[in-house]
Amino acid sequence: MKEKILRLKEKALEDIKNAKITKALADLKVKYLGKSGEVTELLKGMKDVPNEEKPAVGKLVNGLRSAIEEFIAEREKALKEAELKARLEAESIDVTLPGKATRRGGLHPVNLVRNELIEAFSGLGFKVFTGPEVELDYYNFQQLNIPADHPARDMQDTFYVTDSVLLRTQTSAGQIRCMENEKPPIKILSPGRVYRSDYDATHSPMFHQMEGLVVDKGITLCDLKGVLEEVCKKVFDKDVKTRLRPSYFPFTEPSVEIDVSCSECGGKGCSLCKGTGWIEILGAGMVNRVVLENCGVDPDVYTGFAFGLGLERIAMLKYGIPDIRYLFDNDIRFLKQF
Ligand code: DAH
């Protein structure tokens, strides 16, 4: 029996020493000390030991039991420490590594252009004035000197809501609303969405315009030219050249179209400017006397200039976007470039 106890002790100590993980150690605990473990079996065998030997053998078995318990506890402590150390090393965070970048949202190119224009014009004293997108025919056409049978209506394919209500085709409607509400001097910018039944690479049924209106005593075409030259330099390039070309709009007289020198070829002529060296960017003119009168402004005392530009067109020119539809597809691969 003594022999058996000694062998068992040696074997148990050896096994415990060899346990590499806490799980293996837990298994050993069951194997030796569990309900049907080897030490427990030994204890059960005590009944066959002759009475006179029982105290000595009992002592040995108990000694074996506490030796194994102690050894397991020691080994367990060592293994747990090693496991913790290994885990800490494996999971350690290097705080000096660069963080994972979260992609930031950005402004839409049309908004970038709008903000840039507002900033440039604000510097010259313009204030923002906004009007409704669902507009009366009265403001969108009639008061702008475009009566019902006027051929200029054909230039803008209009979405009508009723005979007299429509989706505004131009921010020019805001000019009338402003002049009806405010007395000169007036110096406003009116950005917003406009709608026309039109759809191809350069036209979208919804697009954005920005209107400008200045009314005061002694305003001339020179003021118009000076203001727009200044803004074009800010928005395009300080060396950009501008030119005025005669045009026609019912609400301005005289009317002009403003071109900027082509940024692609510097004026030599290329496919972007169709060989002319110039790119048309906006319509403008001196506010027609009829329009001033319609709004209760005396044209013999006050004069004014107005202009209207398409924000998509400016964005396309500025960023080299070949098709207006890219601006509205909401494709993140396109949008994240701005
Ligand atoms: N409303 C015109 C259009 O949509 C643009 C325009 C031209 C606006 C001349 C103006 C202007 O204020 O004076 O085509």
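Residues numbered from 1 in each chain as written. Predicted model: local features only at pLDDT ≥ 70, side-chain atom pairs only at ≥ 80, totals over all residues. Heavy atoms only, no water.

## Section: a negative patch on the surface
Stage number 1. Where like charges cluster on the molecular surface, the negative patch consists of Asp154, Asp157, Asp198 and Asp200.
Stage number 2. Following the sequence through the fold, aspartate 157 ends up in the loop between α6 (137-140) and β3 (165-167). (Patch = residues over 30% accessible without salt bridge, like charges linked within 9 Å, V, L, I, M, F, W, Y side chains within 5 Å. Areas by Shrake-Rupley, 256 points an atom, 1.4 Å probe, with all protein chains shown as cover. Salt bridge = Lys/Arg side-chain N within 4 Å of Asp/Glu carboxyl O. Lys, Arg positive; Asp, Glu negative; His and termini not counted. Charge placed at Lys NZ, Arg CZ, Asp CG, Glu CD. Helix = DSSP H or I, 4+ residues; strand = E, 2+ residues; numbered from the N terminus.)

## Focus: the pattern of salt bridges
Stage number 1. Taken as a whole and assessed by the stated rule, the structure comprises 19 salt bridges.
Stage number 2. The partner of glutamate 69 in a salt bridge is arginine 65, and the shortest N-O contact between them spans 3.7 Å. With a gap of 4 residues between them, glutamate 69 and arginine 65 both fall in helix α4 (residues 54-90), about one helical turn apart.
Stage number 3. A salt bridge links arginine 87 to glutamate 91; the nearest nitrogen and oxygen atoms lie 3.6 Å apart. Glutamate 91 carries the same exposure label as arginine 87, and that label is exposed. (Buried < 20%, exposed > 50% of the residue type's maximum accessible area, 1.4 Å probe, protein only.)

## Concerning the packing of aromatic side chains
Stage number 1. On inspection of all chains with the given rule, the structure shows 9 aromatic pairs.
Stage number 2. Between tyrosine 319 and phenylalanine 338, the ring centres sit 5.0 Å apart and the planes meet at 70°, which makes this aromatic pair edge-to-face. Of the two residues, tyrosine 319 is situated in helix α10 (residues 311-319) and phenylalanine 338 in the segment after α11 (332-335); the sequence distance between them amounts to 19 residues.
Stage number 3. Look at phenylalanine 338 and you get partly exposed, because its relative accessible area is 29%.
Stage number 4. On the basis of an interplanar angle of 65° and a centroid distance of 5.1 Å, the ring pair of phenylalanine 334 and phenylalanine 338 is categorised as edge-to-face.
Stage number 5. One aromatic cluster is present, formed by Phe121, Phe126, Phe305 and Phe307 through successive ring pairs.
Stage number 6. Over the face of the ring belonging to tyrosine 139 we find arginine 177, whose NZ or CZ atom lies 4.0 Å from the ring centre.
Stage number 7. Lying over the aromatic face of tyrosine 199, arginine 325 brings its terminal NZ or CZ to 5.3 Å of the ring centre. (Phe/Tyr/Trp six-rings, centres within 6.5 Å; stacked < 30°, edge-to-face > 60°. Lys NZ or Arg CZ within 6 Å of the ring centre and 35° of its normal.)

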